[in-house]
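# Reading the structure
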Amino acid sequence: MSALGGIGGRLYRGEVSVEFVGRQRLWYTISGVILAVCIIALAVFGLNFSVDFKGGSVFQFPAGTATISQVRTAVSGAGGGGDAIVQQVDNAQKHTASWTVQTHQLTPAQRNSVESAIARTFRLTPDQISVQYVGASWGSQISRKALQALIAFLVVIVIYLSIAFEWKMAAAALIALAHDIVITVGVYALLGFQVSPASVIGLLTILGYSLYDTVVVFDKVRENTAGLLSSARATYSQAANQALNQTLVRSINTSVIALLPVAAILFIGAGLLGAGELKDLALVLFVGMLSGTYSSICIATPVLADLKEREPQYKALAKRVSQRAASGRAARRVAARTGARNGTAAGVAPGSAPDDGGPDEGPGPAGSAGDEVADAAAAGEPVPAGRTSSRGGTPGGQRPGPRQQPRRTSAARRRPGGKKKRR
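Residues numbered from 1 in each chain as written. Predicted model: local features only at pLDDT ≥ 70, side-chain atom pairs only at ≥ 80, totals over all residues. Heavy atoms only, no water.

## Brief notes about helix α7 (residues 167–191)
What counts is decided by this rule: Helix and strand assignments come from DSSP, with helices taken as H or I runs of at least 4 residues and strands as E runs of at least 2, each series counted from the N terminus. An expected span of 1.5 Å times one less than the residue number is assigned to each helix.
Between the first and last C-alpha of α7 there are 36 Å, a value that for 25 residues agrees with the 36 Å anticipated at 1.5 Å per step. The positive-phi residue at the C-terminal boundary of α7 is Gly192, with phi of around 75 degrees.

## Description of a nonpolar patch on the surface
To keep things clear, this is the line we draw: Every patch collects residues that have over 30% relative accessible area and no salt bridge, joining them within 9 Å if they carry like charges and within 5 Å if they are nonpolar side chains (Val, Leu, Ile, Met, Phe, Trp, Tyr). Accessible surface area values rest on a Shrake-Rupley calculation with a 1.4 Å probe, where residue burial reflects the displayed protein chains alone. By definition here, a salt bridge exists when the distance from a side-chain nitrogen of Lys or Arg to a carboxyl oxygen of Asp or Glu is within 4 Å. Buried residues are those whose accessible area, probed at 1.4 Å on protein chains only, stays under 20% of the maximum for their type, while exposed residues exceed 50% and partly exposed ones sit between those limits.
On the surface, Val33, Val37, Ile40, Val44, Phe45, Leu190 and Leu191 cluster together to form a nonpolar patch covering roughly 700 Å² of accessible area. For the nonpolar patch, the element with the most residues is helix α2 (residues 24–44), which contributes 4 residues. With respect to the secondary-structure elements, Leu190 resides in helix α7. Its relative accessible area of 47% is what places Leu190 among the partly exposed residues.

## Looking at the packing of helix α8 (residues 197–224) against helix α9 (residues 236–246)
The cut-off we apply is this: Angles run from 0 to 180 degrees between N-to-C directions of axes, and those axes are lines fitted to C-alpha atoms, restricted for helices to the stretch in contact. Roughly parallel means an angle under 35 degrees; roughly antiparallel, over 145; roughly perpendicular, 65 to 115; everything else is oblique. Definitions for this section: a left-handed crossing has its near helix turned counterclockwise from the far helix by less than a right angle. A right-handed crossing has that turn clockwise. Pairs of residues are marked as contacts when any of their non-hydrogen atoms sit within 4.5 Å.
Axis separation between α8 and α9 bottoms out at 8 Å; the angle between their running directions is 135 degrees. Here α8 is positioned oblique relative to α9, judged by the angle of their axes. Two packed elements cross with a definite hand, and for α8 against α9 that hand is right-handed. Across from Val217, Lys220, Val221 and Asn224 in α8, the residues of α9 making contact are Tyr236, Ala239, Ala240, Gln242, Ala243, Leu244 and Gln246.

## Quick word on the packing of α7 against α8
To be explicit about the condition: Residue polarity follows a fixed list, in which Ala, Val, Leu, Ile, Met, Phe, Trp, Tyr, Cys and Pro are nonpolar, Asp, Glu, Lys and Arg are charged, and the others, Gly among them, are polar.
Here α7 crosses α8 at 145 degrees, and the two axes come no closer than 10 Å. Read as a crossing pair, α7 and α8 show a hand that is right-handed. Note on element contacts: α8 touches α7 through Ser199, Leu203, Ile206, Leu207, Ser210, Leu211, Thr214, Phe218, Val221 and Arg222, opposite Met169, Ala172, Ala173, Leu177, Asp180, Ile181, Thr184 and Tyr188. When the residues that make up the contact of α7 with α8 are grouped by side-chain class, the tally is 12 nonpolar, 4 polar and 2 charged.

## Description of the environment of Gln105
Note on placement: Gln105 falls in the loop between β4 (96–103) and α5 (108–121). Judged by its relative accessible area of 35%, Gln105 is partly exposed. In sequence terms Gln105 and Val134 are 29 residues apart; their C-alpha atoms lie 8.1 Å from each other.

## Section: the packing of aromatic side chains
Applicable threshold: Stacked, edge-to-face and tilted are the three classes for Phe, Tyr and Trp ring pairs, Trp counted by its six-membered ring, which pair at centre distances within 6.5 Å; planes under 30 degrees apart are stacked, over 60 edge-to-face, the rest tilted.
In the structure shown here, the tally under the stated rule is 4 aromatic pairs. Considering the side-chain rings of Phe61 and Phe122, the 5.7 Å spacing of their centres and the 20 degrees angle between planes classify their relative orientation as stacked. With a gap of 61 residues between them, Phe61 in strand β2 (residues 56–62) and Phe122 in the loop between α5 and β5 (130–134) connect regions that are remote in the sequence.

## Describing the environment of Glu19
Stated precisely, the cut-off is as follows: Whenever two N or O atoms come within 3.5 Å, that pair is a polar contact, provided that in protein one can donate a hydrogen and the other can accept it, and provided that, for residues adjacent in sequence, both atoms are side-chain atoms.
Mapped onto the secondary structure, Glu19 falls in the loop between α1 (2–13) and α2. Residues within four places of Glu19 in sequence aside, it is in contact with Trp27 and Asn241. Separated by 2.6 Å, the side chain of Glu19 and the backbone nitrogen of Gly22 make a polar contact.

Below, the structure is given as structure tokens:
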């Protein structure tokens with residue numbers, strides 16, 4: 001955990017940065033593929049609504065030694081229909097198992113016929129068979145209330161984000177929420193999970209969770225972009241990416257801590273104890289939290305940056321930042337060429353100086369006289385008196401002074417005629 005905290009500190013200070021906003025095309029492509037699969041699954045398979053939504057009859061009785069095919073045959077032969085949903089529910093505490101059969105809406109005569117067929121086929125008494133009837137009107141009422149709650153939730157969220165932040169942040173948050181809804185519902189359609197009232201409650205819960213994580217990131221984005229237009233230090237996308245890195249470890253920690261109890265309910269509580277309602281609630285929470293964490297990092301902030309970069313003032317800011325970066329690269333190239341010329345004049349082997357377009361290897365030790373002279377020469381400023389460049393020779397390609405001239409030998413002092421030069 002201390003290592004994770006160290007990484008979080010380096011991300012917050014900007015020493016390490018993960019590029020999220022700059023790779024928005026990658027995230028959009030991944031999300032587009034997932035959304036396409038989910039939409040196709042919804043169109044082809046549809047949602048498997050529980051009896052609470054579509055109405056019907058539920059028969060529950062001890063499992064015994066019966067198989068699922070035997071139960072389905074007995075129910076369909078008695079008029080229960082061939083679309084009955086047969087599930088075996090295990091109770092680990094009581095070490096018992098039971099069959100649960102859900103059928104479409106049956107008439108009283110059909111319900112009595114199915115109940116009699118189950119008792120006769122599996123040698124059960126009438127008191128061992130539990131029969132429940134759910135009307136279609138109650139299921140439609142639940143569906144309507146769930147849709148009204150979802151619409152009201154989205155309207156309140158748009159109003160709040162527009163007042164607390166701005167409408168473009170509200171739009172980006174809504175896109176991320178729609179992303180999470182489609183993925184969660186698509187997973188239910190793709191895997192055939194049953195949609196129950198508990199699933200609807202879990203869906204509203206994960207929307208709030210996803211929005212909470214997004215708002216935290218947006219608050220940091222607003223802090224980093226305050227006064228950004230008055231300088232040319234970074235574009236809006238760069239500042240937003242820094243905010244995302246500063247909250248990255250926090251988002252990961254929050255998601256892991258939230259997913260641990262949900263995973264315990266889903267895999268331990270539902271898998272071992274056979275808790276049906278808890279399974280429906282934990283399943284939608286698990287899928288939605290994973291999708292919400294991904295969308296708050298890879299969807300919401302990149303969408304916001306795309307919307308803001310279209311504004312004229314931020315387009316002008318990006319142009320200023322680009323010009324400033326280009327001038328900095330030009331200055332480094334000039335310094336590299338100056339260093340190469342000075343190194344050749346001082347007798348340094350060619351190739352030891354950096355190329356014109358090569359990367360800047362950074363300055364030497366802070367405060368060294370050679371760096372001051374080289375930097376002053378590259379900038380066209382006067383060279384401090386008595387200083388020479390450590391990068392080779394004197395700045396500006398000046399010729400060596402008298403003390404640097406090689407001593408002439410006796411042969412060199414001879415006259416062309418072979419006679420020594422008189423002193």
